[in-house]
Amino acid sequence: MMPRCAFSVCHVFMLVLCLSAAEDFDWTKNDHGSFYYGTFPAGFSWGAGSSAYQTEGAWDKDGKGLSIWDVFSHKKGKIQQNETGDSSCEGYYRVKDDVSLMKELKLNHYRFSISWPRLIPTGIKSDHINEKGIQYYDELIDHLLENKITPIVTLYHWDLPQVLQEKYGGWQNISMVNHFNEFANLCFERFGNRIKYWITFNNPWSVAVEGYETGEHAPGLKLRGTGAYRAAHHIIKAHAKVWHTYDTQWRGKQKGLVGISLSGDWGEPVDISNQKDIEAAERYVQFYLGWFATPVFHGDYPQVMKDFIGRKSVQQGLGTSRLPSFSPQEKSYIKGTCDFLGIGHFTTRYITQKNNPLSRSSSSYFADRDLAELVDPRWPDPGSEWLYSVPWGFRRLLNFVKTQYGNPMIYVTENGVSEKMLCTELCDDWRIQYYKDYINEMLKAIKDGVNVKGYTAWSLLDKFEWDEGYSERFGLYYVDFRNKNKPRYPKASVQFYKRVITSNGFPNQREVENWRRKAIETCSSSNQLLAAEEQRSTAANILRLIHDPLTSHMEMVTEIVVPTVCTLSILLSAIFLMFLLRRRN
């Protein structure tokens, strides 16, 4: 049986974080189940997010070059159902429509990424600049500003130009630092007069570990024990160089801010009386968030990473550590290169000590940590297999950042939950609950003194979810990917999040419960509309497949049987919800 959430964690943080008695946050307080009604500070910014490859589509249009994700997703067996982001949400052609959704949602900001190969097809600036790509982002930025929505721009959300991967080995090669800086400088030059918030990298942990260690993500390399560390080393240097470029060449004129978006799950010790579990929980967070945050704020890797990887490297008979080192000059150059810290957070794990057997052939990032991750089976998990709803971990992570890094300015850049089911339900009550609980824990963290300035719901639309294809949906808006027009439908969470935004928080219990009830009422009619559209789409597919002699049995199941079952399910769900609401009234 997993330990209950209601643990006192006094011992954990007295040891791990060395908190003094003067700290604002009371780590001993047990209020995991409590809800705080109140509002956010004036000027708090509410938004939603996306990324280029996941939403734009138009993968080979208007002069765009290939990215590593274009190539990776086209390889059989890499993505669930062999799906690709070739068309995705067709966001490239839907700028005005999507900004209208944001305006209806009352967003203060919208976070998106710029596709490097759409602007510089080969990734090398001296080769060619694609003016049509510049024009697309000009249009998006201008339309956002016309609607009083602040653009927050990510420069790298995983879509490295394929030429740079083939020619240099991608982030394994130090040359990426200068190429990325040239790309960033181009963005500052062309868009910087209108952009005040820049994010260099989104979740570099995934770029390094899943791209160069496990091979689950593009470019799909499995350089175990070395590849992730080398990629991360170059990413950190690239981030610092871009920050300095902006600081010396553009900040005086443009008055913007440059940060980085780091993802981090919280790690809670399984046994708070066991020192080894306490230390393992700290390692979990330091190997995840601290790997990138500690160099940016303090100039070097976390000591625990240097110690563990260095010791294991020696035991393997290696002459030097598999974790690269920064020179004194580099440490000074990297330290302090963060005007604000973006935090992406989704879930929490229980952590326990676990000694991993050591051999030269079996070294890996995961084995280096000497720990095991566990979950409580009672934690809700409606979607992605890794994503459990554990709201209290969010507050702890935010307070960790406050304590470790001097209470920096924070923008929550990703937070949300997916569903993983054949038939998407527009009445996403579980997502409403997730947002309600996580946003409330963020509000508590602000009460603790954490300097959170904004929140970004992840994500605005359902989209391509990397190696999971379209099997998981994070969107506030449902996208019908079977329809060539990719129509958007609001889920119930749209109405709930809109109420949170307009009220700037949670005024009182009665009002918040009323928001939820009205959101479910609204989604019932949306479900009926979606069912009608799916009936029309299914009828069209039947006609198409009947006249196609090469239709396979699997295509018949996918194109006819599944949508028909989904349509019936949606209609039955709408009827059932209407029945419940009438009984309640």
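Residues numbered from 1 in each chain as written. Predicted model: local features only at pLDDT ≥ 70, side-chain atom pairs only at ≥ 80, totals over all residues. Heavy atoms only, no water.

A. View of the overall build of the protein. Within the protein, the secondary structure is distributed over 20 helices and 15 strands. Residues classed as buried in the protein amount to 61% of the 585 residues present. Here the analysis covers contacts within the protein between residues at least 6 apart in sequence; of these, 77% occur between residues at least 24 apart. Split by element, the accessible area of the protein, about 23000 Å² in all, is 52% carbon and sulfur. (Helix = DSSP H or I, 4+ residues; strand = E, 2+ residues; numbered from the N terminus. Buried < 20%, exposed > 50% of the residue type's maximum accessible area, 1.4 Å probe, protein only. Contact = heavy atoms within 4.5 Å. Areas by Shrake-Rupley, 256 points an atom, 1.4 Å probe, with all protein chains shown as cover.)

B. Spotlight on the packing of aromatic side chains. Under the counting rule described, the total for this entry stands at 62 aromatic pairs. Among the aromatic side chains, those forming a connected cluster through ring pairs are Phe40, Phe44, Trp46, Phe394, Tyr434, Tyr435, Tyr438, Tyr455 and Tyr497. One residue, Arg311, lies across the ring of Phe308, its end atom 4.6 Å from the ring centre. Its guanidinium or amino end placed over the ring of Phe35, Lys436 lies 4.1 Å from that ring's centre, counting from NZ or CZ. (Phe/Tyr/Trp six-rings, centres within 6.5 Å; stacked < 30°, edge-to-face > 60°. Lys NZ or Arg CZ within 6 Å of the ring centre and 35° of its normal.)

C. Inspection of the side chain of His109 at higher detail. Secondary-structure assignment places His109 in strand E3 (residues 109-113). Within the structure, the side chain of His109 is placed 2.9 Å from the side chain of Thr456, a separation counted as a polar contact. (Polar contact = N/O pair within 3.5 Å; in protein donor to acceptor, adjacent residues only side chain to side chain.)

D. Spotlight on the environment of Leu476. Relative to the assigned elements, Leu476 resides in the loop between strand E12 (452-457) and strand E13 (477-479). Overall, the relative accessible area of 0% leaves Leu476 in the buried class. Non-local contacts of Leu476, meaning those with residues more than four positions away in its chain, are made with Leu105, Tyr435, Ala457, Ser459, Leu460, Tyr489, Pro490, Lys491, Ser493, Val494 and Tyr497.

E. Geometry of the layout of surface pockets. Considering only enclosed or pocket space, the second largest pocket measures out at about 830 Å³ in volume. In terms of lining residues, the second largest pocket is bounded by 35 residues, among which Trp205, Ser206, Glu210, Tyr288 and Trp386 are the most central. With three residues, the top contributor of residues to the lining of the second largest pocket is helix H9 (residues 204-212). Of the residues contributing to the lining of the second largest pocket, the split by class is ten nonpolar, 13 polar and twelve charged. (1 Å grid on protein atoms, 1.4 Å probe; cavity = no way out; pocket = protein on both sides within 12 Å on 5 of 7 lines; lining within 4 Å. Points joined across faces, edges and corners; volume = space filled by probe spheres on them. Nonpolar A, V, L, I, M, F, W, Y, C, P; charged D, E, K, R; others polar.)

F. Expanded view of the pattern of salt bridges. Here the structure, examined in full by the defined rule, presents 31 salt bridges. Between Arg118 and Glu56 there is a salt bridge, and its shortest N-O distance comes to 2.9 Å. Of this pair, Arg118 sits in helix H5 (residues 116-119) while Glu56 sits in the loop between helix H2 (52-55) and helix H3 (68-73), and the two are 62 residues apart along the sequence. On the accessibility criterion, Arg118 (1% relative accessible area) is buried. By relative accessible area, which is 4% here, Glu56 ends up buried. Of the charged contacts, one joins Asp368 and Arg322 as a salt bridge, the two residues approaching to 2.7 Å between their closest N and O atoms. Of the two residues, Asp368 is situated in helix H15 (residues 365-368) and Arg322 in the loop between helix H13 (303-315) and helix H14 (328-334); the sequence distance between them amounts to 46 residues. With a relative accessible area of 1%, Asp368 lands in the buried category. Among the residues examined, Arg322 registers a relative accessible area of 8% and is labelled buried. Overlapping salt bridges, with partners in common, bring together Glu419, Asp428, Arg431, Asp462, Arg473 and Lys491 in one network. (Salt bridge = Lys/Arg side-chain N within 4 Å of Asp/Glu carboxyl O.)

G. Spatial organisation of the sheet that holds strand E2 (residues 45-49). If you trace the eight strands once around the closed barrel, you get E2-E3-E4-E5-E6-E8-E11-E12, paired in parallel fashion. Ignoring strand direction, the axes of neighbouring strands in this sheet form an average angle of 25°. Across four bridges, strand E5 (residues 197-202) lies against strand E6 (residues 257-263) in parallel orientation. Bridging from a neighbouring strand, Tyr197 pairs with Leu257 of E6. (Pairing = 2+ DSSP bridges. Axes fitted to C-alpha atoms, helices over the stretch in contact; angles between N-to-C directions.)

H. Summary view of the side chain of Ser261. Of note, Ser261 is situated in strand E6. Ser261 gets classed as buried once you look at its relative accessible area, which sits at 1%.

I. Here's a closer look at the nonpolar core. Formed by 152 residues in total, the largest nonpolar core has its most connected members in Trp171, Trp291 and Met442. The dominant element in this core, judged by the number of residues it contributes, is helix H12 (residues 275-298), at twelve residues. Beyond its immediate sequence surroundings of up to four residues, Met442 is in contact with Phe40, Phe44, Trp46, Phe394, Leu398, Val412, Val452 and Tyr455. (Core = buried A, V, L, I, M, F, W, Y, C linked by side-chain atoms within 4.5 Å.)

J. How the structure looks around the UniProt feature "active site" (unreviewed entry) in the protein. Here, UniProt's "active site" (unreviewed entry) annotation points to Glu414. Classification of Glu414 as buried rests on a relative accessible area of 6%. If sequence neighbours within four positions are ignored, Glu414 has contacts with Arg111, His157, Asn202, Ile343, Gly344, His345, Phe346, Thr456 and Trp458. (UniProt positions renumbered as here; feature names shortened; annotations may be inferred.)

K. Fine view of the state of the cysteines. Inspection of the entire model under this criterion finds one disulfide. Note that Cys427 is cross-linked by a disulfide to Cys523, the S-S spacing being 1.8 Å. Judged by the torsion about the S-S bond (110°), the Cys427/Cys523 disulfide is right-handed. Highlighted residues: Cys427 in the loop between strand E11 (410-415) and helix H17 (429-447) and Cys523 in helix H19 (residues 509-546), separated in sequence by 96 residues. (Disulfide = S-S within 2.5 Å.)

L. Quick look at empty space enclosed by the protein. Under the defined criterion, the tally for this structure stands at five cavities of 30 Å³ or more. What the largest cavity holds in volume is close to 150 Å³. Surrounding the largest cavity, 17 residues form its lining, Ser50, Thr55, Tyr110, Tyr136 and Leu140 being those nearest its centre. When grouped by side-chain class, the residues that make up the lining of the largest cavity number ten nonpolar, five polar and two charged.

M. Region of interest: the pairing of strand E8 (residues 341-344). Side chains of E8 alternate between two faces, with Leu341 and Ile343 and Gly342 and Gly344 buried alike. Here E6 pairs with E8 via four bridges, running parallel. Its bridge partner being in E8, Ser263 is matched across the sheet by Gly344. Across four bridges, E8 lies against E11 in parallel orientation. Residue pairing for E11: Gly342 is matched across the bridge by Tyr411.

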